[in-house]
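If you want the building blocks of each chain, they are given just below.
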Amino acid sequence: MAIHIKLNGKTHAVEHRMDILSFLETLKVPPASVVVERNRNILHRGMFDSVVLKDGDELELIRFVGGG
Amino acid sequence: MKDLTATQKIRYSRNILVPEIGITGQQKLLRGRVLVVGAGGLGSPALFYLACAGVGTIGIMDGDRVELSNLQRQILYTLKDLDNLKTHSAQEKLHRLNPDVCIEPYNEPFTAKNGPALVSRYDFVIEATDNFEAKFLVNDICIHAKVPFCHAGILGMFGQVMTIVPGQGACYRCVFGNIPEPDQVSSTDQVGVLGVVPGALGSIQAAEAVKFLTGSGKLLIGRLLTYDALNLIFREIELPPPCCDVCRGAELIQ
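Residues numbered from 1 in each chain as written. Chains lettered and ligands numbered in written order. Predicted model: local features only at pLDDT ≥ 70, side-chain atom pairs only at ≥ 80, totals over all residues.

S.K.: I would appreciate a short explanation of the overall build of chain B in the present structure.
M.R.: Check the secondary structure of chain B and you find 10 helices and 8 strands. At 18 Å, chain B has a C-alpha radius of gyration in line with the 18 Å of a compact globule built from 254 residues. Projected onto the principal axes, the alpha-carbon positions of chain B cover approximately 55 × 40 × 40 Å. Buried residues in chain B amount to 48% of all 254 residues. Sequence separation of 24 or more characterises 70% of the internal contacts of chain B that already satisfy a separation of 6 or more. (Helix = DSSP H or I, 4+ residues; strand = E, 2+ residues; numbered from the N terminus. Rg over C-alpha atoms; globule rule 2.2 N^0.38 Å. Buried ≥ 20, exposed ≤ 12 C-beta atoms within 10 Å, placed from the backbone. Contact = placed C-beta atoms within 7 Å.)

What follows is the structure, given as structure tokens:
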């Protein structure tokens with residue numbers, strides 16, 4: 001069964017009971033390369049494997065861009 | 001407030017016609033003090049537009065010299081400036097453009113030592129540096145000194161910008177936490193950057209400084225604006241309230 005979340009503003013189907021770390025793996029995004037904001041809260045990187053996505057979650061993956 | 005001269009009324013006529021600026025706003029700009037940290041891809045357009053707008057005092061901080069590979073995006077410089085100090089070349093250009101503006105050049109990198117005294121002499125800071133160490137340092141020092149600033153970062157065909165007024169919204173550290181491990185993130189030295197990306201974002205940074213000085217409009221506080229030039233998508237990410245140690249008043253993280 002899949003749930004639906006908003007990923008960077010777009011609806012995205014996700015497997016039921018998937019945690020943030022596994023979700024980033026499915027997207028092939030290295031966890032240390034992004035900041036994850038879930039429902040307007042910045043998630044500590046240490047919590048990626050314990051926070052499970054819920055239907056309707058709004059997720060923002062924010063990139064590190066250091067150029068100037 | 002000091003009256004505008006006849007020449008100034010002509011030079012700034014298009015600013016003055018904008019209802020949100022007007023004569024009073026122009027006088028505020030002429031009395032305004034903005035520090036631009038980093039005179040590269042972001043700093044170039046920001047400095048040009050601040051000087052055009054008649055921001056009275058502009059500090060330019062950069063310890064680098066102009067290199068050939070800079071000219072693809074750092075529009076302040078020409079072939080004639082190769083090997084010259086960026087602060088000197090920038091000062092010369094901006095003075096020729098608008099002699100009303102007093103340029104204060106600092107030919108050195110922004111550090112934990114020189115930063116605190118420097119930022120407190122300005123009304124607003126534009127963070128246009130090219131590395132994470134400096135981005136976090138400018139953030140922490142501005143938050144401590146309670147000086148508002150505008151951050152931008154660029155990479156490839158992507159960029160981001162946010163304005164931080166200490167206490168009024170998330171700061172750079174609230175969002176990004178700590179300096180990332182170098183092997184986890186790419187740099188412009190590895191993946192490049194298209195010149196128009198800092199062009200667009202440096203211009204937005206200048207607009208934020210002008211809005212702050214004139215007290216007009218709504219600043220980009222508590223929001224991160226991202227610019228995906230490849231797909232031409234601007235997005236705004238709503239940020240949490242201030243939540244990091246620096247915003248809570250912790251000692252400087254260095």
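S.K.: Looking at this structure, how should I read the packing of helix 4 (residues 43–53) of chain B against helix 10 (residues 196–214) of chain B?
M.R.: Packed helices, taken two at a time, are described by the angle their axes make and the gap between the axes. Residues and elements named next belong to chain B. In the contact formed by helix 4 and helix 10, the axes pass within 7 Å of each other and the chain directions differ by 40 degrees. Handedness of the crossing formed by helix 4 with helix 10: right-handed. Of the residues in helix 10, those touching helix 4 at Gly 43, Ser 44, Pro 45, Ala 46, Tyr 49, Leu 50 and Ala 53 are Gly 199, Gly 202, Ser 203, Gln 205, Ala 206, Ala 209 and Val 210. Considered class by class, the residues forming the contact of helix 4 with helix 10 number 8 nonpolar, 6 polar and no charged. (Axes fitted to C-alpha atoms, helices over the stretch in contact; angles between N-to-C directions. Left-handed = near helix turned anticlockwise from the far one by under 90°. Nonpolar A, V, L, I, M, F, W, Y, C, P; charged D, E, K, R; others polar.)

S.K.: Honestly, the sheet that holds strand 2 (residues 10–15) of chain A in this entry has me stumped. Any pointers?
M.R.: Hydrogen bonds along the backbone pair up the strands of a sheet, which may run parallel or antiparallel. Residues and elements named next belong to chain A. With mixed pairing, the 5 strands of this open sheet are ordered in space as 2-1-5-3-4. Looking at strand neighbours, the two that pair on one side only are strand 2 and strand 4 (41–42), the edges of this open sheet. Taken together, the 5 bridges between strand 3 (residues 34–38) and strand 5 (residues 58–63) define a ladder with antiparallel strand orientation. Bridging from a neighbouring strand, Val 35 pairs with Ile 62 of strand 5. (Pairing = 2+ DSSP bridges.)

S.K.: In this structure, what is going on with the interface of chain B and chain A? I would like to understand it.
M.R.: Taken together, the contact pairs 33 residues of chain B with 17 residues of chain A. If you list the elements that add at least two residues to the side of chain B that touches chain A, you get helix 7 (132–145), strand 5 (149–155), strand 6 (158–164), helix 8 (172–176) and strand 8 (233–238) of chain B. Looking at the side of chain B that touches chain A, its residues break down into 16 nonpolar, 12 polar and 5 charged.

S.K.: I would appreciate a short explanation of the sheet that holds strand 1 (residues 33–37) of chain B in the present structure.
M.R.: Residues and elements named next belong to chain B. On the basis of which strands lie adjacent, the open sheet formed by 8 strands has the order 3-2-1-4-5-6-7-8 and mixed pairing. Unpaired on one side and paired on the other, strand 3 (102–106) and strand 8 mark the two borders of the sheet. In this sheet, adjacent strand axes meet at a mean angle of 15 degrees when their direction is disregarded. Strand direction decides the pairing type here: strand 5 and strand 6, joined by 7 bridges, are antiparallel. Bridge pairing links Gly 153 to Gln 160 in strand 6.

S.K.: How should the pairing of strand 2 of chain A be read in this particular structure?
M.R.: Residues in a regular strand point their side chains to alternate faces of the sheet. Residue and element names in this part refer to chain A. Sparse coverage of strand 2 is indicated by the burial of 0 of its 6 residues. For strand 1 (residues 2–7) and strand 2, the ladder comprises 6 bridges, and the chain directions are antiparallel. Residue pairing across strands places Ala 2 opposite Glu 15, the latter belonging to strand 2. Hairpin connection of strand 1 to strand 2: 2 residues between the antiparallel strands, including Asn 8 at a positive phi of 45 degrees.

S.K.: Help me understand the packing of helix 4 of chain B against helix 5 (residues 86–97) of chain B in this model?
M.R.: All names here are of chain B. Packing of helix 4 against helix 5 brings their axes to within 9 Å, and their N-to-C directions diverge by 30 degrees. Judged on the interaxial angle alone, helix 5 and helix 4 are roughly parallel. In this structure, helix 4 meets helix 5 at a crossing whose hand is right-handed. Between helix 4 and helix 5, the contacting residues are Leu 47, Ala 51 and Cys 52 on the first element and Ala 90, Leu 94 and Leu 97 on the second. Class assignment of the residues belonging to the contact of helix 4 with helix 5 gives a composition of 6 nonpolar, no polar and no charged. (Parallel < 35°, antiparallel > 145°, perpendicular 65-115°, else oblique.)

S.K.: Before we go on, may I ask you to explain the confidence of the model for chain B in this structure?
M.R.: Atomic detail in the predicted coordinates should be set aside for any region of low pLDDT. Summary statistics for chain B give a mean pLDDT of 96 and a share of 98% for residues scoring 70 or more. Listed scores for the predicted complex are pTM 0.96 and ipTM 0.94. (pLDDT = per-residue confidence, 0-100.)

S.K.: What am I meant to see in helix 4 of chain B here?
M.R.: Each α-helix turn comprises 3.6 residues. Residues three or four places apart therefore point the same way. Residues and elements named next belong to chain B. Within helix 4, 9 of the 11 residues are buried, leaving the element largely enclosed by the surrounding structure. Of all the residues in helix 4, the buried ones are Gly 43, Ser 44, Pro 45, Ala 46, Leu 47, Phe 48, Leu 50, Ala 51 and Ala 53. Phi turns positive one or two residues past the end of helix 4, at Gly 54, with a value near 90 degrees.

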